[in-house]
Amino acid sequence: MTKEELMREAIRLSIENIKKGGGPFAAIIARNGELIATGKNRVTAQHDPTAHAEVNAIRAAARKLKAFDLSGCEIYTSCEPCPMCLGAIYWARLDKIYYANNKDDAAKIGFDDSFIYDEMNLKPEGREKPSERLLSQEAMKAFDDWVNKTDKITY
C-alpha cells in the first residue's frame, strides 16, 4: 500500500470508530507498505485512559510480530500523537510518524494536550501534580540487581 492509502485507512478507521463508541482517532502500523496492525481510540469504551489509537496499534503490532522493538515499521495516525503516544512510539522504536490532523486541530474539538507539554518542561516540584521522591535508597536495589543480571534482555 502507498503512504496515502495507509493514511486513508487510518482516517477511515477513525471515522468508523466514532460510530462504535470511540474517539475520533485511529492508527496503523505498517512495514514496507504492508499493514501490520491497527488501533482505535477505546478510552471510554474500555474505561482505560491509556487505550489511545497509537498505543493500541503498537500493542497489536508487537503481539503480531512477537517483538517489542518495531524498528523497520512506521505509524500512520489520524492525528498528531499526544505526549503519551509519542513516548510509546519512541519506546517502540518506530522509524517514522505520519499524521493527518495536528494537535491544534485536536485542541479545537476538546482534545487539548498543551497542559501536559507545559508540565513536562517543569521540574517535578513545580508541576500541578505534586511529586515527592520516597525511599530512593531502598529502590536502588532493583537497579543494582538489574545491572548485575547476566541474562537480561536489554531494551
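Residues numbered from 1 in each chain as written. Predicted model: local features only at pLDDT ≥ 70, side-chain atom pairs only at ≥ 80, totals over all residues. Heavy atoms only, no water.

Some details on the packing of aromatic side chains
Okay, step 1: Counting across every chain of the model gives three aromatic pairs.
Okay, step 2: Judged by centre distance (4.9 Å) and plane angle (90°), the ring pair of F25 and F111 falls under edge-to-face. In this pair, F25 sits in the loop between α1 (3-19) and β1 (26-31) while F111 sits in the loop between α5 (103-108) and α6 (114-120), placing the two residues 86 residues apart along the sequence.
Okay, step 3: With 4.6 Å between their ring centres and 10° between their planes, Y76 and Y98 make a pair best called stacked. With Y76 in strand β3 (residues 74-79) and Y98 in strand β4 (residues 96-101), this residue pair connects regions lying 22 residues apart in the sequence. Each member of the pair, Y76 as well as Y98, carries the same accessibility label: buried.
Okay, step 4: The cationic tip of K103 hangs over the ring face of Y117; the distance from NZ or CZ to the ring centre is 4.4 Å. (Phe/Tyr/Trp six-rings, centres within 6.5 Å; stacked < 30°, edge-to-face > 60°. Helix = DSSP H or I, 4+ residues; strand = E, 2+ residues; numbered from the N terminus. Buried < 20%, exposed > 50% of the residue type's maximum accessible area, 1.4 Å probe, protein only. Lys NZ or Arg CZ within 6 Å of the ring centre and 35° of its normal.)

Examining the environment of N41
Okay, step 1: Along the polypeptide, N41 turns up in the loop between β2 (34-40) and α2 (43-46).
Okay, step 2: Taking C-alpha positions, N41 is 19 Å from L94, a pair spaced 53 residues apart along the chain.
Okay, step 3: Aside from chain neighbours lying at most four places away, what touches N41 is N17, G22, G23, F25, A51, H52 and A53.
Okay, step 4: Within the structure, the side chain of N41 is placed 3.3 Å from the backbone nitrogen of G23, a separation counted as a polar contact. (Contact = heavy atoms within 4.5 Å. Polar contact = N/O pair within 3.5 Å; in protein donor to acceptor, adjacent residues only side chain to side chain.)

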